[in-house]
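What follows is each chain in one-letter form.
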Amino acid sequence: MDGDGCSRQCKIEMGFECSINGSKDQCKEVCGDGIVRNLACDDGNSEPNDGCSPTCTIEIGWNCTTTGNNPSLCTKIDSPYLTTASLEKDNSQLTLYFSSEIRASENLTKENFNLKIINNPLTDPVELNWTIIPNDQVSNSILLKLNIKGQLYGIESIEISIMDVSHIYDPSHRFPLLYLSSKIIAVLNSSQFQGQQ
Ligand SMILES: [Ca+2]
Ligand SMILES: [Ca+2]
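Procedures and definitions
Residues numbered from 1 in each chain as written. Chains lettered and ligands numbered in written order. Predicted model: local features only at pLDDT ≥ 70, side-chain atom pairs only at ≥ 80, totals over all residues. Helix = DSSP H or I, 4+ residues; strand = E, 2+ residues; numbered from the N terminus. Buried ≥ 20, exposed ≤ 12 C-beta atoms within 10 Å, placed from the backbone. Contact = placed C-beta atoms within 7 Å. Core = buried A, V, L, I, M, F, W, Y, C linked by C-beta atoms within 7 Å. Pairing = 2+ DSSP bridges. Axes fitted to C-alpha atoms, helices over the stretch in contact; angles between N-to-C directions.

A. Structural view of the overall build of the protein chain. Helices and strands together make up the secondary structure of the protein chain, namely zero helices and 14 strands. Its helices and strands taken in sequence order, the protein chain reads β-β-β-β-β-β-β-β-β-β-β-β-β-β from the N to the C terminus. When the 197 residues of the protein chain are sorted by exposure, 19% land in the buried category. Sequence separation of at least 24 residues holds for 48% of the intrachain contacts in the protein chain that already meet a minimum separation of 6.

Below, the structure is given as structure tokens:
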């Protein structure tokens, strides 16, 4: 049969090498010749840390594609990063969106986030507290429950930054977020009066 290294015509197929073991030919795919048959990748070398390992497996944090009989092309995967944030109409919940799917580790705490209200005209500042809404599922967002005490004038925003990125992972590669985005801003919805409770 074709595709196992030895063709129907008993020729060694491209990308394989065969040796005679007893009465049978044993064929295995060559790793490092730049031709992919069944292996995950083959970049034509036996070097590690370039995306395709010396045993022709795709290395963690990389993505490899192969077209035709060309060597695999591997590119490093960017870790997820914080992109935008949005608020519920009543400012009770803040959703932080990431560039791709993430998973929050159980060690993620509210202290990993720094949230502050900016542009509030009062000298007596509005009090802002938050808790994380737990989610152990893969998702492209993290939800924070907000508790705002004080008067808002409709010109305020929340400035968000992540203090410690090591508790948010790229789920497919188990990498923590590598890149800290700059601070992002979510505009608070106008004329909310909270804090009666
Ligand atoms: Ca090969
Ligand atoms: Ca390699």
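So, next bit.
B. Main features of the nonpolar core. Core analysis: the biggest nonpolar cluster contains 17 residues, and Leu-94 and Leu-96 have the highest contact counts within it. Mapped by element, the contributors of at least two residues to this core are strand S5 (82-87), strand S6 (93-104), strand S9 (139-151), strand S10 (157-162) and strand S11 (168-170). Take this core: its biggest share by element is four residues, from S6. Non-local contacts of Leu-96, meaning those with residues more than four positions away in its chain, are made with Leu-82, Ala-85, Ser-141, Ile-142, Leu-144 and Ile-160. By size, the runner-up hydrophobic cluster in this structure holds seven residues, among which are Cys-31, Cys-41, Cys-52 and Cys-64.

C. A look at the pairing of S6. Pairing of S5 with S6, which is carried by five bridges, proceeds in the antiparallel orientation. The residue bridging Leu-82 from the neighbouring strand is Phe-98, located in S6. Counting the residues between successive antiparallel strands, the hairpin from S5 to S6 contains five residues, one of them, Asn-91, with a positive phi of roughly 60 degrees. Where S6 and S9 come together, six bridges link them in antiparallel fashion. Of the residues in S9, the one forming a bridge with Ile-102 is Ser-139.

D. Expanded view of the sheet that holds strand S7 (residues 113-118). Here three strands make up an open sheet; going across it, the order is S7-S10-S13 and the pairing antiparallel. Pairing within the sheet leaves two strands with one partner each, and these edge strands are S7 and strand S13 (184-187). The mean inter-strand angle of the sheet, taken between neighbouring strand axes irrespective of direction, is 25 degrees. Sheet analysis places S10 next to S13, joined by four bridges and oriented antiparallel.

E. Geometry of the environment of Ile-12. With respect to the secondary-structure elements, Ile-12 resides in the segment before strand S1 (16-21). Not counting residues within four places of it along the chain, the set of residues in contact with Ile-12 comprises Gly-5, Cys-6, Glu-17, Cys-18 and Cys-27.

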